Protein chains: 2
Amino acid sequence: MATFAQIEAELRRGIEAHGPIHALGIASFGPIDRRRTSPHYGWITSTPKPGWRDTGVVPRLAHLGVPVGFDTDVNGAALAEGRWGAAQGLEDFAYVTVGTGVGVGLFVNGALVHGFLHPELGHIRVARRAGDTWPGACSFHGDCVEGLASGPAIAARAGAPAHLICAADAVWEGVIHALAQLLHTLVLATAPRRILLGGGVMEARPELLAGLRHELAASLNGYVPHEDLGVGIESYVTSPGLGSRAGPLGALALAADAVGDSRAGALPGV
Amino acid sequence: MATFAQIEAELRRGIEAHGPIHALGIASFGPIDRRRTSPHYGWITSTPKPGWRDTGVVPRLAHLGVPVGFDTDVNGAALAEGRWGAAQGLEDFAYVTVGTGVGVGLFVNGALVHGFLHPELGHIRVARRAGDTWPGACSFHGDCVEGLASGPAIAARAGAPAHLICAADAVWEGVIHALAQLLHTLVLATAPRRILLGGGVMEARPELLAGLRHELAASLNGYVPHEDLGVGIESYVTSPGLGSRAGPLGALALAADAVGDSRAGALPGV
């Protein structure tokens, strides 16, 4: 597969320039299988992304013979935000990406959430905006959050990529509604102390944040008293402290954890 | 308030019969405030239950001068199920009650979930069953899960209490759909290794379980491979091991934890 050839070439260049590799950190889109006892350990599994379903990732890099930290891109980004970014010192927080998919990395009780699977909250089915019957774009669920608010969903609905659609376009109302429902669910699921929203769509349209905060408060409708959040809504629903570096730094954090690297406490200069 | 007079009388009877109280365990319907630094610590807060909004519970019993374990009824029940019931040995699981309200107790990473709040997943807004426009009965959210599937919601919609409505009544289709959406969300939020469903409605209508399992699998639509659950769907979505004792035993577990009681490991003979 072309992507893996590029990864191998990049790794060879890195080894030539900087010396041997001590660990790999892989922060991948999901769903992934990270159960060590599974025959599919290290695979991307039931993704709707074309060409990636049931793809072994860790097995393809096993020949390097180094420890591997393997988790979702969003759990990795959450790890990085907790270590170096906007969630430092918080035991409970969420990192949401809105990009080619919608994903959530979750810290609960001071650790990343891994039940029998990692969080896949982009694929929850939520209440629809009144009168909005667009069927959604997710191949599994139609109008789940990812099917309504991911970059490809927005492009499918509006006929143009997210960064080219003007802020006044009606398509954003449906996007904000769906994402606010995801935030509503997050607040009532694990009551994170902060929710960070990153990913390509949020980076291209940072003005979505204001709409999301307003819609979240309207949806909760006073059930969770605002003062219980402990911070103002602007600090509660906000951007990642590491910006677009949260993802790559997440992979670094996973690699550092895989070898118990003592330098994990310092922000890498990348 | 009449209920507190009854509680005091019951406590006096207990003291006369069994001697002094060493700790209290209070497993209350929510939402509650359990932040020790809050001026409303020990209160029931924004409940829609008539007469209970903003009611101090722990303060009314402070005169007893004993340690108090205070959590939601469902977190308490989850604690009991993890210690003595159907979730022993599991680090990640959920206890769902469907009764006068809909609530969820959550274990993640081996501990009860407490972010800035306890879980309040009964109040998430979910996708509606196609063609179902009943507005729901929640005073905060209308057609959230509690507004569609709690005992009072069922009674409001069907005109009779849940235990008197025949199994073939169409009202159950909406109830099963809403609860299955809650389970769908739970699976994708913290991926619990088991989901236990208790409460008055589930006890009165245990046949709902089969419909819930079917509807959950249909809603996930293969996105989470069935084998990833590690157990069959019948063991995954099932009844509490402690039955209707999960709630009272939850209060006992909270009391035992409040004093670090070494007998906490043994199932009380109640």
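Engineer: Run through the packing of helix α5 (residues 151-158) of chain A against helix α6 (residues 171-190) of chain A, naming residues and quoting values.
Structural biologist: Residue and element names in this part refer to chain A. Running from amino to carboxyl end, α5 crosses α6 at an angle of 150°, the nearest separation of the two axes being 10 Å. Viewed along their axes, α5 and α6 adopt a mutual orientation that is roughly antiparallel. Handedness of the crossing formed by α5 with α6: right-handed. Only Val171, Trp172 and Val175 of α6 make contact with α5, whose side of the interface consists of Ile154, Arg157 and Ala158.

Engineer: Explain the relation of the copies chain A and chain B to me, using residue names and the numbers behind them.
Structural biologist: Aligned on chain B, chain A shows an RMSD of 0.0 Å; the corresponding rotation is 180° and the shift along the axis is 0.0 Å. These values place the two chain copies in the arrangement generated by a two-fold rotation axis. Same-surface contact between copies: 100% of interface residues of chain A are shared with the interface of chain B.

Engineer: Report on the sheet that holds strand β10 (residues 237-238) of chain A, specifying residues and quantitative values.
Structural biologist: Residues and elements named next belong to chain A. Sheet architecture is open: five strands sit in the order β8-β7-β6-β9-β10, paired in mixed fashion. Of all strands in the sheet, those bounded by a partner on one side alone are β8 (111-112) and β10. Examined bridge by bridge, strand β7 (residues 102-108) and β8 share two bridges and lie antiparallel to one another. Of the residues in β8, the one forming a bridge with Val108 is Ala111. Against the sheet, helix α3 (residues 73-84) contacts β6 (93-98), β7, β8 and β9 (195-198), and its axis sits at roughly 45° relative to β7. Strands β6, β7, β9 and β10 of the sheet are contacted by α6, whose axis makes an angle of about 20° with β7.

Engineer: Could you give me a rundown of the interface of chain A and chain B, with the residues and numbers involved?
Structural biologist: Many descriptions give the size of an interface as the accessible area lost when the pieces come together. Taken residue by residue, the interface counts 48 residues in chain A and 48 residues in chain B. Here chain A is connected to chain B by zero salt bridges. On the surface where chain A and chain B come into contact, there are 28 residue pairs in polar contact (both at pLDDT 80 or more). Listed by contribution, the elements that provide at least two residues to the side of chain A that touches chain B are β7, β8, α6 and α8 (208-220) of chain A. Of the residues belonging to the side of chain A that touches chain B, the class tally is 27 nonpolar, 14 polar and seven charged.

The rules behind the values
Residues numbered from 1 in each chain as written. Chains lettered and ligands numbered in written order. Predicted model: local features only at pLDDT ≥ 70, side-chain atom pairs only at ≥ 80, totals over all residues. Heavy atoms only, no water. Axes fitted to C-alpha atoms, helices over the stretch in contact; angles between N-to-C directions. Helix = DSSP H or I, 4+ residues; strand = E, 2+ residues; numbered from the N terminus. Parallel < 35°, antiparallel > 145°, perpendicular 65-115°, else oblique. Left-handed = near helix turned anticlockwise from the far one by under 90°. Contact = heavy atoms within 4.5 Å. Least-squares fit on C-alpha atoms with pLDDT ≥ 70 in both. Pairing = 2+ DSSP bridges. Salt bridge = Lys/Arg side-chain N within 4 Å of Asp/Glu carboxyl O. Polar contact = N/O pair within 3.5 Å; in protein donor to acceptor, adjacent residues only side chain to side chain. Nonpolar A, V, L, I, M, F, W, Y, C, P; charged D, E, K, R; others polar.

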